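# Observations on the three-dimensional arrangement
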Amino acid sequence: MRGEAGTVKRVAVIGAGTIGASWAAFFLSRGLEVVASDPSPGAPDLIRRMVEEAWPILARLGGRPDADPAAWRFEADPAAAVAGADFVQESAPERLPIKQELLSRIDAVLPADVVISSSTSGLLASRLSETCRHPERVLIGHPFNPPHLIPLVEVVGGAKGSPEAVAAAMAFYRSIGKHPIEIRKEVPGHLANRLQAALWREAVHLVAEGVASVADVDAAISEGPGLRWALMGPHTTFHLAGGEGGMEHFLHHLLPALESWWMDLGDPKVNAAVQQMLVEGVAEGTGGATPAELARRRDAALVRLLEARRSSG
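Residues numbered from 1 in each chain as written. Predicted model: local features only at pLDDT ≥ 70, side-chain atom pairs only at ≥ 80, totals over all residues. Heavy atoms only, no water.

### Considering the overall build of the protein
Note the cut-off: Going along the chain from the N terminus, every DSSP run of H or I of four or more residues is numbered as a helix, and every run of E of two or more is numbered as a strand. Restricting the calculation to C-alpha atoms gives the radius of gyration, and the globule rule supplies 2.2 Å times the number of residues raised to the power 0.38. A 1.4 Å probe and the Shrake-Rupley method give the accessible areas. Residues count as covered only by the protein chains that appear here. Neither His nor the chain termini are counted; the positive set is Lys and Arg, and the negative set is Asp and Glu. Here the site of a charge means NZ on Lys, CZ on Arg, CG on Asp, or CD on Glu.
The helix and strand inventory of the protein stands at 13 helices and eight strands. For the protein, the C-alpha radius of gyration of 21 Å lies close to 20 Å, the compact-globule estimate for 313 residues. Counting only carbon and sulfur atoms, one obtains 58% of the accessible surface of the protein, whose full area is about 16,600 Å². Of the side chains in the protein, 30 bear a positive and 37 a negative charge, and the two mean positions are spaced by 5 Å.

### Structural notes on the environment of Val51
Counted only if it meets this: Contacts are residue-level and defined by heavy atoms, with any inter-residue pair within 4.5 Å sufficient.
Among the structural elements, Val51 can be located in helix H2 (residues 43-60). Not counting residues within four places of it along the chain, the set of residues in contact with Val51 comprises Ala25, Leu28 and Pro69.

### Thoughts on a nonpolar patch on the surface
Heads up, the condition is: Here the term patch refers to residues with relative accessible area over 30% and no salt bridge, with like charges joined within 9 Å and nonpolar side chains (Val, Leu, Ile, Met, Phe, Trp, Tyr) within 5 Å. Salt bridge criterion: a side-chain nitrogen from Lys or Arg within 4 Å of a carboxyl oxygen from Asp or Glu. Buried means the residue's accessible area, taken with a 1.4 Å probe over protein chains only, is under 20% of the maximum for its type, while exposed means over 50%, and partly exposed covers the values in between.
A contiguous nonpolar surface patch, about 300 Å² in accessible area, is contributed by Leu231, Met232 and Leu240. If you trace the backbone, Leu231 turns up in the loop between helix H9 (225-229) and helix H10 (234-241). The exposure class assigned to Leu231 is exposed, which follows from its relative accessible area of 62%.

### Notes on the environment of Asp66
Under the convention used in this document: Contacts described as polar in this section are N or O atom pairs within 3.5 Å, which, within protein, must combine one atom able to donate a hydrogen with one able to accept it, while residues neighboring in sequence count only if both atoms come from side chains.
Position of Asp66 among the secondary structure elements: in the loop between H2 and strand E3 (72-74). The sequence separation of Asp66 and Arg30 amounts to 36 residues, and the corresponding C-alpha distance is 8.8 Å. Among the polar contacts made by the side chain of Asp66, one reaches the side chain of Arg64 at a distance of 2.7 Å.

### Section: the packing of aromatic side chains
For clarity, the threshold we go by: Here is the rule: rings of Phe, Tyr and Trp (six-membered ring for Trp) pair when centre to centre is within 6.5 Å. Planes less than 30 degrees apart are stacked, more than 60 are edge-to-face, and the remainder are tilted. For a Lys NZ or an Arg CZ to count as sitting over a ring, it must be within 6 Å of the ring centre and within 35 degrees of the ring normal.
Tallying each qualifying case throughout the model produces seven aromatic pairs. Judged by centre distance (5.6 Å) and plane angle (80°), the rings of Phe87 and Tyr173 are edge-to-face. One end of the pair, Phe87, is in strand E4 (residues 87-90); the other, Tyr173, is in helix H6 (residues 163-175), and 86 residues separate them in sequence. A cation sits over an aromatic face here: Lys178 above Phe26, 4.2 Å from the ring centre.

### Regarding the domain arrangement of the protein
Where interface size is given, it is often the accessible area lost as the parts come together that is meant. This is how the line gets drawn: Marked domain ranges trace back to an automatic or database domain assignment. Reported buried area values correspond to the accessible surface (1.4 Å probe) lost by two parts on association, with both partners' losses combined.
On domain assignment, one finds that the protein holds domain 1 (10-182) and domain 2 (192-312). The distance between the C-alpha centroids of domain 1 and domain 2 comes to 29 Å. Taken together, the 14 residues of domain 1 in the interface contact ten residues of domain 2. Between domain 1 and domain 2, roughly 1,000 Å² of surface is buried when both sides are summed, and carbon and sulfur atoms account for 62% of that area. Its largest share of buried area at the contact with domain 2, domain 1 owes to Arg60, Leu61 and Leu149, together 44% of the area lost on that side. Where domain 1 meets domain 2, there are one salt bridge. Between Arg60 and Glu307 there is a salt bridge whose closest N-O contact spans 2.8 Å.

### Structural notes on the UniProt feature "domain: 3-hydroxyacyl-CoA dehydrogenase C-terminal" (unreviewed entry) in the protein
Our working rule: UniProt positions are given in the numbering used here, feature names are shortened, and annotations may be inferred rather than shown by experiment.
The UniProt record marks residues 189-250 with the feature "domain: 3-hydroxyacyl-CoA dehydrogenase C-terminal" (unreviewed entry), using the residue numbering of this structure. Measuring from the first to the last C-alpha atom of residues 189-250 gives 29 Å, for a span that is 71% helix and 0% strand.

### Considering the packing of helix H1 (residues 18-29) against H2
For the record, the criterion: Convention adopted: a line fitted to C-alpha atoms gives each axis, helices being fitted over their contacting stretch, and angles between N-to-C directions are expressed from 0 to 180 degrees. Convention used here: angles under 35 degrees read as roughly parallel, angles over 145 as roughly antiparallel, angles from 65 to 115 as roughly perpendicular, and any remaining angle as oblique. Crossing handedness is defined as follows: a turn of the near helix away from the far one that is anticlockwise and smaller than a right angle gives a left-handed crossing, while the clockwise case is right-handed. Any residue outside Ala, Val, Leu, Ile, Met, Phe, Trp, Tyr, Cys, Pro, Asp, Glu, Lys and Arg is labelled polar, Gly included; the first ten of those are nonpolar and the last four are charged.
Where H1 meets H2, the axes come as close as 9 Å, and the angle between the chain directions of the two elements is 50°. Put simply, H1 runs oblique to H2. In terms of crossing hand, the pair formed by H1 and H2 is right-handed. Each of Thr18, Ala21, Ser22, Ala24, Ala25, Phe26, Leu28 and Ser29 in H1 lies in contact with H2, whose residues at this interface are Leu46, Ile47, Met50, Val51, Ala54, Trp55 and Leu58. The residue makeup of the contact of H1 with H2, split by class, is twelve nonpolar, three polar and no charged.

### Focus: the sheet that holds strand E2 (residues 33-37)
Test applied: Note on pairing: two strands pair once DSSP finds at least 2 bridges between them.
Here we have eight strands laid out as an open sheet, ordered E3-E2-E1-E4-E5-E6-E7-E8, and mixed in their pairing. Strands at the two margins of the open sheet, each flanked by one partner only, are E3 and strand E8 (179-183). Taking the axes of each pair of neighbouring strands and ignoring which way they run, one obtains an average angle of 25° across the sheet. Examined bridge by bridge, strand E5 (residues 115-118) and strand E6 (residues 138-143) share three bridges and lie parallel to one another. Looking at E6, one finds that Ser118 is bridged to Ile140. Sitting on the sheet, H1 is in contact with strand E1 (10-14), E2, E3, E4, E6 and strand E7 (152-157), with an inclination near 170° to E1.

What follows is the structure, given as structure tokens:
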């Protein structure tokens, strides 16, 4: 399978909406050639704007000095777009029939040693590859939004997926500066989205029960554990909470309290009234800023955070 450093020169980005365009900009910054495809007539302009806006940031975050932001072209036909590709990143809409039909078309024309990686946020590789001739090379390569900034990529092989395809994808993502993690068992939503969903479920419950406002629930994360989570995950965080005794001491002394909290976690019913509370609470907590403005603030802060992490090793 192609994937080791130096074996991938051209990436086909199939599906060039927000996620696909972000992927394209990142691949270009790593010195790769990109061929993109999307049924939308506005896709080329979206890619062009994304590359132009993201390029200075990507150069600061480890882009290759010789990378060419113009090293991409557009093909409306996905089968034509994957011709000569060494790796395929699919980012079509999150609907199983659409992805199955698209992946089947791509699979039919690609050499068997080229990995097809789907950006799906929750679908299973086993289902996506059901109509493919080579299901062993179809896997999940789920990025976190925005892909050109967030290092994480979740790699999941399907029931018929080959270890070689998973290893090739892991090697490729690692070689271009991503932080791939292997999900060893297929579950809906993969790993990170399930963790997000679990936290948000309790956040919604606390708002619905009148425990705190939307703004204060958000602040409880962004001004508290979220700062630590930018540096280490929940297990290591609680390992430090155990002091000199680490995780063993933490489990011995604090696990009973945590288990009692687990028993009290909520199962909210997100009815119309709760939805209205969330909509109004977000508007109040963000001061009415538009999603686009909030995204710009977030991305600017992410760049500073990533640079700080790089400088500290």
